[in-house]
Amino acid sequence: MRAEHFWHRALERSLEAQRSGALVPLATDVVDLPGLEPFVLRRLLSRTPKHLRRGGPKPNPFLPWEPELEVECLASGHVALLNKYPVQPGHLLLITQAWQPQAGWLRPDDWAGVAQVASDTAGLWFFNSSPAAGASQPHRHLQLLPRRSGEPSCPLAAALQAQLEETGDRPGPAGSPWPWAYRLSRRQDPLGGSDLEELYLRHAEQLGLGSPLHDPQPLHPYNVLFDDHWMLTVRRTEEHCAGFSLNALAFGGSLLATERSDLAWLERQGPWQLLRSVASPPLP
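Residues numbered from 1 in each chain as written. Predicted model: local features only at pLDDT ≥ 70, side-chain atom pairs only at ≥ 80, totals over all residues. Heavy atoms only, no water.

Novice: Just to check I follow, could you spell out the pattern of salt bridges for this structure?
Specialist: Across all of its chains, the model carries 11 salt bridges by this definition. Residue Arg186 pairs with Glu165 through a salt bridge whose shortest N-O separation is 3.7 Å. Of the two residues, Arg186 is situated in strand 8 (residues 182–186) and Glu165 in helix 3 (residues 157–167); the sequence distance between them amounts to 21 residues. Note on Arg186: relative accessible area 28%, which makes it partly exposed. (Salt bridge = Lys/Arg side-chain N within 4 Å of Asp/Glu carboxyl O. Helix = DSSP H or I, 4+ residues; strand = E, 2+ residues; numbered from the N terminus. Buried < 20%, exposed > 50% of the residue type's maximum accessible area, 1.4 Å probe, protein only.)

Right, dumping it as structure tokens:
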């Protein structure tokens, strides 16, 4: 049984930060469209935050970070922060205290920071490698949506688990029922996190993203999602389709509509086509 210290601390800090105005929760409601299941579509009711708007270069909000959003500093050189625009209570960011580029390779100390938090608090972790993969800030950050024990990590969790049961960890077309470039693997050490870096590097090689031994940074944009049971990596081509801004959460089955989103297109084409439009085609 996890202690959930980080989650409890995040909820406490959220109340304080919301009272001070440092935290701006996103107001949404669920949109019911035919053929959407098992995806969940939420519509943004509040004003579109800056990180979801197209625009020029953005300032770095993490150097320095807002003290009201700080949850805890870690020995790995990271700090756990509240997401200023959370999609749920306790939405956490794991950022490097010193500058590291979001578009660079995730490093052993990043995985050490993840492992420290994950040993205490379960949930859905995700990473957007660059603007083309949905990253809103250039400073290294992973994100965690905490979950209770036994609670599904995301709307597509059951489908991902079923896919693993059917195909195992086989790479290539035989293990890739979805029509885009991705790799899905079973987790072996959810509490210790010793499997995370190996899976990340294996997926990167299989998806043609390169290797930190030979490439200064990944060769293509990508998303990573993982929980206690699986890790999913998706190679991306672009961030937007039909007015939807799509980050890693989209590949977990969570979609967000803003005033620019074309709901009629989504109803005609369906959520699977939405993902296919922003992911790389399957690799040979």
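Novice: Explain the sheet that holds strand 13 (residues 254–257) here, please?
Specialist: Hydrogen bonds along the backbone pair up the strands of a sheet, which may run parallel or antiparallel. The mixed open sheet is built from three strands, whose spatial order is 1-2-13. Each edge of the sheet is formed by a strand with only one pairing partner; in this case those strands are strand 1 (28–31) and strand 13. Strand-to-strand twist of the sheet, defined as the mean angle between neighbouring strand axes without regard to direction, takes the value 35°. Pairing of strand 2 (residues 40–44) with strand 13 involves four bridges; the strand directions are parallel. Within strand 13, the residue paired with Val40 across the bridge is Ser254. (Pairing = 2+ DSSP bridges. Axes fitted to C-alpha atoms, helices over the stretch in contact; angles between N-to-C directions.)

Novice: Please clarify how the packing of aromatic side chains should be interpreted in this entry.
Specialist: In this description, a pair of aromatic rings is defined by centroid distance and the angle of the planes. Per the stated rule, a full pass over the model turns up 12 aromatic pairs. Between the aromatic rings of Trp105 and Tyr200, the centroid separation amounts to 6.3 Å while the plane-to-plane angle is 75°, which identifies the pairing as edge-to-face. Taken together, the residues Trp105 in the loop between strand 5 (92–96) and helix 2 (108–118) and Tyr200 in helix 4 (residues 196–206) connect sequence positions 95 residues apart. Residue classification places Trp105 among the buried positions, given a relative accessible area of 7%. Taking the centre distance of 6.0 Å and the plane angle of 45° together, the rings of Phe127 and Tyr222 count as tilted. Here the residue Phe127 occupies a position in strand 6 (residues 123–128), and Tyr222 occupies one in strand 9 (residues 222–226), the gap between them amounting to 95 residues. You'll find Phe127 and Tyr222 in the same group, each marked buried. The rings of Trp105, Trp111, Trp125, Phe127, Tyr200, Tyr222 and Phe226 are connected pair by pair, giving a single aromatic cluster. (Phe/Tyr/Trp six-rings, centres within 6.5 Å; stacked < 30°, edge-to-face > 60°.)

Novice: Can you walk me through the nonpolar core in this structure?
Specialist: Judged by nonpolar contacts, the single largest core of 36 residues is most densely connected at Leu41, Trp230, Leu232, Phe251 and Leu266. Leaving out residues up to four positions away in the same chain, Leu266 has contacts with Leu33, Leu36, Leu41, Phe244, Leu255, Pro271 and Leu274. In terms of nonpolar packing, the next biggest core, distinct from the first, is built from 33 residues, Leu94, Ala118, Leu144 and Leu209 among them. (Core = buried A, V, L, I, M, F, W, Y, C linked by side-chain atoms within 4.5 Å. Contact = heavy atoms within 4.5 Å.)

Novice: Got a minute to help me understand the pairing of strand 7 (residues 141–146) in this structure?
Specialist: Within a regular strand, side chains alternate between the sheet's two faces. Counting buried positions over the six residues of strand 7 gives six, a clear majority of the element. Every second residue of strand 7 is oriented toward a common face, with His141, Gln143 and Leu145 on one face and Leu142, Leu144 and Pro146 on the other, all of them buried. For strand 5 and strand 7, the ladder comprises four bridges, and the chain directions are antiparallel. Bridge pairing in strand 7 links Leu92 to Leu144. Note: strand 6 against strand 7, four bridges, orientation antiparallel. In the strand pairing of strand 7, Leu124 is matched with Leu145.

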